[in-house]
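One-letter residues, chain by chain:
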Amino acid sequence: MRTETQNHLYEKENTYALTLKVNGEEKKLLLKPWVSLLDGLRDHLNLTGTKKGCDHGQCGACTVICDGKRILSCLTLAVMKNGSEITTIEGIAREDDLHPIQQAFIDHDAFQCGYCTPGQICSAIGLIQEGKANSREEVKELMSGNLCRCGANVGIIDAIMQVKNGGSGE
Ligand code: FES
Ligand code: FES
């Protein structure tokens, strides 16, 4: 069993300093190497908009945008992203102006409880930036990692199609 001093040293030796640019602001963190980006955002930066659903890479609730790409923050160690630019749901709107995807979610009633919504919105923005999905079927396929237990999927796909089609809907 370790003594108190050994514990203290162990803690100190196993803590890493990292910097993340989160929603445009530089954030300095001291974290253990095993802390996920999700826990780093929620527990250390108090950005609780990103949700923890399964914590196992299966639901998409924790999706954030990292250096322009959507990633699952529960499967990403925060230390791996030292120096990266992270956008969470808190950084999507521009002051009072909603992002077009946020507005489209409202227009299409694309949420009920809202638990999956931050991840769906970040994923939808990442999907559009990827430019891979050109049809409704492709959008469905490439959004399939984001689950919605309330069954708002039809509205979610409608909302994404609206933005992809320049706001005109399908
Ligand atoms: Fe990350 Fe479910 S919480 S995929
Ligand atoms: Fe409830 Fe999607 S709106 S889980």
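In the block above lies the structure referred to throughout.
(A) Spatial organisation of the sheet that holds strand β1 (residues 16-22). Within the open sheet, the 5 strands sit side by side as β2-β1-β5-β3-β4. Their pairing is mixed. What marks the edges here is a single partner per strand, and that holds for β2 (25-31) and β4 (69-72). Within this sheet the neighbouring strands show an average axis-to-axis angle of 40°, counted without direction. As paired strands, strand β3 (residues 63-66) and β4 are joined by 4 bridges and run antiparallel to one another. Residue pairing for β4: I65 is matched across the bridge by R70. Running over the sheet, helix α4 (residues 117-130) touches β3, β4 and β5 (85-87) and is turned about 40° from β3.

(B) Quick peek at the pattern of salt bridges. Scanning the entire structure with this criterion turns up 7 salt bridges. As a salt-bridge pair, E25 and K27 come within 3.2 Å of each other at their nearest N and O atoms. Judged by its relative accessible area of 46%, E25 falls in the partly exposed class. Overall, the relative accessible area of 26% leaves K27 in the partly exposed class. Residues R70 and E130 are paired through a salt bridge, measuring 2.8 Å at the closest nitrogen-oxygen approach. Placement of R70 in strand β4 and of E130 in helix α4 is noted, with a sequence separation of 60 residues between them. Its relative accessible area of 19% is what places R70 among the buried residues. Judged by relative accessible area, E130 falls into the partly exposed class, the value being 32%. A cluster of three or more residues bridged by salt bridges with shared partners is formed by D39, K52 and D55.

About the cut-offs
Counting restarts for each chain, with residues numbered from 1 along the sequence as it is written. All chains are assigned letters beginning at A, and all ligands numbers beginning at 1, according to the order in which they are written. Reporting in this predicted model follows two pLDDT cut-offs: at least 70 for local features of residues, and 80 or more for side-chain atom pairs to be given and counted; totals over whole chains, interfaces and linings ignore these cut-offs and use all residues. Hydrogens and water molecules were not included; the side-chain quantities draw on all heavy atoms of the structure. DSSP-based pairing: two strands are paired if at least 2 bridges between them are found. Strands here mean DSSP runs of E at least two residues long; helices mean DSSP runs of H or I at least four residues long; both are numbered from the N terminus. Think of each axis as a best-fit line through the C-alpha atoms, taken over the contacting stretch in the case of a helix, with angles from 0 to 180 degrees between the N-to-C directions. A contact between two residues is defined here by any heavy atoms of the two lying within 4.5 Å. Take a side-chain nitrogen of Lys or Arg and a carboxyl oxygen of Asp or Glu: if they are within 4 Å of each other, that pair is a salt bridge. For the exposure calls, accessible area comes from a 1.4 Å probe over protein chains only, and a residue counts as buried if that area is under 20% of its type's maximum, exposed if over 50%, partly exposed in between.

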